[in-house]
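# Observations on the model geometry
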Amino acid sequence: MKRIWPVVILVIAAGLQGNLPDALSIMGAKPDLILVVLISYSLAADPIVGATLGFVAGLIHGSFVGLSLGSFMVTRTITGFLAGLANTRLFSENPFVPVLSAIWLTFVCEGLFLLGNPPLSLSLAIRKVIGECIANGIATLLVYYLMRHMEVSRKIRLANARL
């Protein structure tokens, strides 16, 4: 059951992704909630779990978009692996570490995606990638505090159950 929750949350994020209002866009790009959830979970896991979750996230994302399924799976798998690798090297209690990690991981993920699927206008694509990096950084900060609050609440419940 513990391993199914990230997949359920990825599916919920995919459902929310299509319903985000245009007011949430930054430089023409909305936050990629599937990528935010992937990065948030993978930062708290090891590289193998991150890569596996990235593969599932790419499968879900590609299925919802309907195009470039292989590109989504490869880029999200690499991103999940790098996020898990960053966990072993960088992760701390400082909330800016996950935010900065989300920004550079989004840049790497979308950069790899653009290599596999070259856009017609490179300048517009770069502007959207920069906007998505900023939006994902902000969204990761919110998700980080939510996950941290849930973890603290879980630990408090476990401590109270032992008393």
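The structure presented is a predicted model; accordingly, all values stated were derived computationally and were not measured.

### Here's the deal with the nonpolar core
In terms of nonpolar packing, the biggest core is built from 19 residues, with Leu 10, Ile 34 and Ile 39 touching the most fellow members. Looking at this core element by element, the count peaks at 7 residues for helix α2 (residues 33–43). Leave out the neighbours within four places in its chain, and Ile 34 touches Leu 10, Ala 13, Ala 14, Gln 17, Ala 57 and His 61.

### Describing unusual backbone geometry
Trans is the common state for peptide bonds, and a negative phi is the common state for residues other than glycine. Not every positive phi belongs to a glycine, and Ser 68 is a case in point at roughly 55°. Along the chain, Ser 68 turns up in the loop between α3 (47–65) and α4 (69–89).

### With respect to the pattern of salt bridges
Tallied over the entire structure, the rule returns 2 salt bridges. Between Arg 76 and Asp 32 there is a salt bridge whose closest N-O contact spans 3.1 Å. With Arg 76 in helix α4 and Asp 32 in the loop between α1 (4–17) and α2, this residue pair connects regions lying 44 residues apart in the sequence. Like Arg 76, the residue Asp 32 is buried in the burial classification. The closest approach of N and O atoms between Arg 76 and Glu 110, which form a salt bridge, is 3.5 Å. Here the residue Arg 76 occupies a position in helix α4, and Glu 110 occupies one in helix α5 (residues 96–116), the gap between them amounting to 34 residues. Owing to a relative accessible area of 1%, Arg 76 belongs among the buried residues under this scheme. Salt bridges sharing common partners tie together Asp 32, Arg 76 and Glu 110.

### Quick look at a nonpolar patch on the surface
A contiguous nonpolar patch, built from Met 27, Leu 122, Ile 126, Ile 130, Ile 134, Ile 138 and Leu 142 and spanning about 630 Å² of accessible area, is present on the exposed surface. One can find Ile 134 in helix α6 (residues 122–162).

### A few points about the confidence of the model for the protein chain
Looking at the protein chain as a whole, its pLDDT mean stands at 85, while 93% of the residues score no less than 70. Looking across the protein chain, the model is least confident in α6, with a mean pLDDT of 84, and most confident in α3, with 92.

### Brief notes about the layout of surface pockets
Looking at the largest pocket, its volume works out to about 1,500 Å³. Every residue lining the largest pocket is counted, 38 residues in all, and those nearest its centre are Pro 6, Ser 40, Tyr 41, Ala 44 and Met 147. Of all the secondary-structure elements, those providing two or more residues to the lining of the largest pocket are α1, α2, α3 and α6. The leading source of residues in the lining of the largest pocket is α6, at 14 residues. Considering only residue class, the lining of the largest pocket consists of 27 nonpolar, 3 polar and 8 charged. Each pocket or cavity is described by its volume, and for the second largest pocket that value is around 540 Å³. Glu 110, Phe 113, Leu 114, Lys 128 and Glu 132 are, among the 21 residues lining the second largest pocket, the residues nearest its centre. Within the residue set of the lining of the second largest pocket, elements represented by two or more residues are α3, α4, α5 and α6. Of all the elements, α6 adds the most residues to the lining of the second largest pocket, at 5 residues.

### What to know about α1
When the terminal C-alpha atoms of α1 are compared, their 20 Å separation across 14 residues agrees well with the 20 Å that a helix rising 1.5 Å per residue should span. Taken together, the buried positions of α1 are Pro 6, Leu 10, Ala 13, Ala 14 and Gln 17. Relative to the axis of α1, the buried residues are bounded by an arc of 100° and lie together on one face. On the buried face of α1, the contacting elements are α2 and α3.

Definitions and cut-offs
Residues numbered from 1 in each chain as written. Predicted model: local features only at pLDDT ≥ 70, side-chain atom pairs only at ≥ 80, totals over all residues. Heavy atoms only, no water. Core = buried A, V, L, I, M, F, W, Y, C linked by side-chain atoms within 4.5 Å. Buried < 20%, exposed > 50% of the residue type's maximum accessible area, 1.4 Å probe, protein only. Helix = DSSP H or I, 4+ residues; strand = E, 2+ residues; numbered from the N terminus. Contact = heavy atoms within 4.5 Å. Salt bridge = Lys/Arg side-chain N within 4 Å of Asp/Glu carboxyl O. Patch = residues over 30% accessible without salt bridge, like charges linked within 9 Å, V, L, I, M, F, W, Y side chains within 5 Å. Areas by Shrake-Rupley, 256 points an atom, 1.4 Å probe, with all protein chains shown as cover. pLDDT = per-residue confidence, 0-100. 1 Å grid on protein atoms, 1.4 Å probe; cavity = no way out; pocket = protein on both sides within 12 Å on 5 of 7 lines; lining within 4 Å. Points joined across faces, edges and corners; volume = space filled by probe spheres on them. Nonpolar A, V, L, I, M, F, W, Y, C, P; charged D, E, K, R; others polar. Expected span 1.5 Å × (residues − 1). Arc of directions from axis to C-beta.

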